[in-house]
Amino acid sequence: MRILVSNDDGYFSPGISALAERLRPLGEVTVVAPERDRSGASNSLTLDRPLYLRKAPSGFFYVNGTPTDCVHLAVTGMLEHLPDVVVSGINHGANMGDDTIYSGTVAAATEGYLLGIPSIAVSLTGKPGTHLATAAAVAARLVERIVRERPAQPVLLNVNVPDLPEAEIRGMDVTRLGKRHRAEPVIKVQTPRGEPAYWVGAAGSEQDAGPGTDFHAIAAGRVSVTPLQIDLTHHAQTGLVRAWLGK
Ligand code: MN
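Computed from a prediction, not measured in an experiment: that's the story for all the values here.

**Some details on helix 1 (residues 14–23)**
Those residues of helix 1 lying buried are Gly15, Ile16, Leu19, Ala20 and Leu23. Down the axis of helix 1, the buried side of the element spans an arc of 125°, and every buried residue falls inside it. Considering only its buried residues, helix 1 is in contact with strand 1 (2–6), strand 2 (28–34), strand 5 (85–92) and helix 5 (132–148). Measuring from the backbone nitrogen of Gly15 back to the side-chain oxygen at the start of helix 1 gives 3.1 Å, which picks out Ser13 as the cap.

This is the structure in structure tokens:
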């Protein structure tokens, strides 16, 4: 089995090391990740400069680009064989609800999916990331499953894992994305030279966190697995817009 591992926290992140180590017994693992923390990079591709692929002493490859660049470069220009699965993570922090729009972790997996490869994004909901081993074990279980029962169409799974010891995980739920309130406002700061500057504020609190959502599963100490799709068409509004256009 060939496994491509990436992330958005950077190739030096403890999360990606824990993931790569846990997946290594399952097959041939190649790590290609951003050279710095690109959390929030979403699905961006770097088009205004060349990308360099360099190898760290750890054996991990790193790229001066985004998570999407990493998977795109690895699959279309670096690897001799297509991977059987792309795994992105383990992210330090949750990617639930609206987070998935901004997430570089989800974006790396999305790029694999768009290239026709089953892909999994894995996030540990605790920011410091105490129980990386729990998320790594969940990832390994899903990878084995996906590769053994290769689905007819590629799948894209967004997986969030409670930051708990494995023995305290209460199970795994198939979920839908919840919804957050609007984000906190930007915070205005002063630079040392007296120029105003702005930090993007925190994500909003949970708005739709009811049963069936990713938020709900995590609050109950369960792993959340959300199958994602990329078609953003709002089918229910096509009639409204058709009327506007006189169609
Ligand atoms: Mn991140």
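**So, helix 4 (residues 104–114)**
Burial analysis of helix 4 places ten of its eleven residues in the buried class, the great majority of the element. Within the span of helix 4, buried status applies to Gly104, Thr105, Val106, Ala107, Ala108, Ala109, Thr110, Glu111, Gly112 and Tyr113. Summarising the contacts, the buried residues of helix 4 are in contact with strand 1, helix 2 (67–78), strand 5, helix 3 (99–102), strand 6 (119–124) and strand 7 (156–161). Of the residues flanking the start of helix 4, the one acting as N-cap is Ser103, its side-chain oxygen 3.1 Å from the backbone nitrogen of Thr105.

**With respect to the packing of aromatic side chains**
In the structure shown here, the tally under the stated rule is two aromatic pairs. Look at Tyr11 and Phe12: their rings are 5.5 Å apart centre to centre, the planes differ by 75°, and that puts the pair in the edge-to-face class. Judged by centre distance (4.3 Å) and plane angle (15°), the ring pair of Tyr11 and Tyr62 falls under stacked. In this pair, Tyr11 sits in the loop between strand 1 and helix 1 while Tyr62 sits in strand 4 (residues 61–63), placing the two residues 51 residues apart along the sequence. Taken together, the ring pairs connect Tyr11, Phe12 and Tyr62 into an aromatic cluster.

Rules used in this analysis
Residues numbered from 1 in each chain as written. Predicted model: local features only at pLDDT ≥ 70, side-chain atom pairs only at ≥ 80, totals over all residues. Heavy atoms only, no water. Buried < 20%, exposed > 50% of the residue type's maximum accessible area, 1.4 Å probe, protein only. Helix = DSSP H or I, 4+ residues; strand = E, 2+ residues; numbered from the N terminus. Arc of directions from axis to C-beta. Contact = heavy atoms within 4.5 Å. Polar contact = N/O pair within 3.5 Å; in protein donor to acceptor, adjacent residues only side chain to side chain. Phe/Tyr/Trp six-rings, centres within 6.5 Å; stacked < 30°, edge-to-face > 60°.

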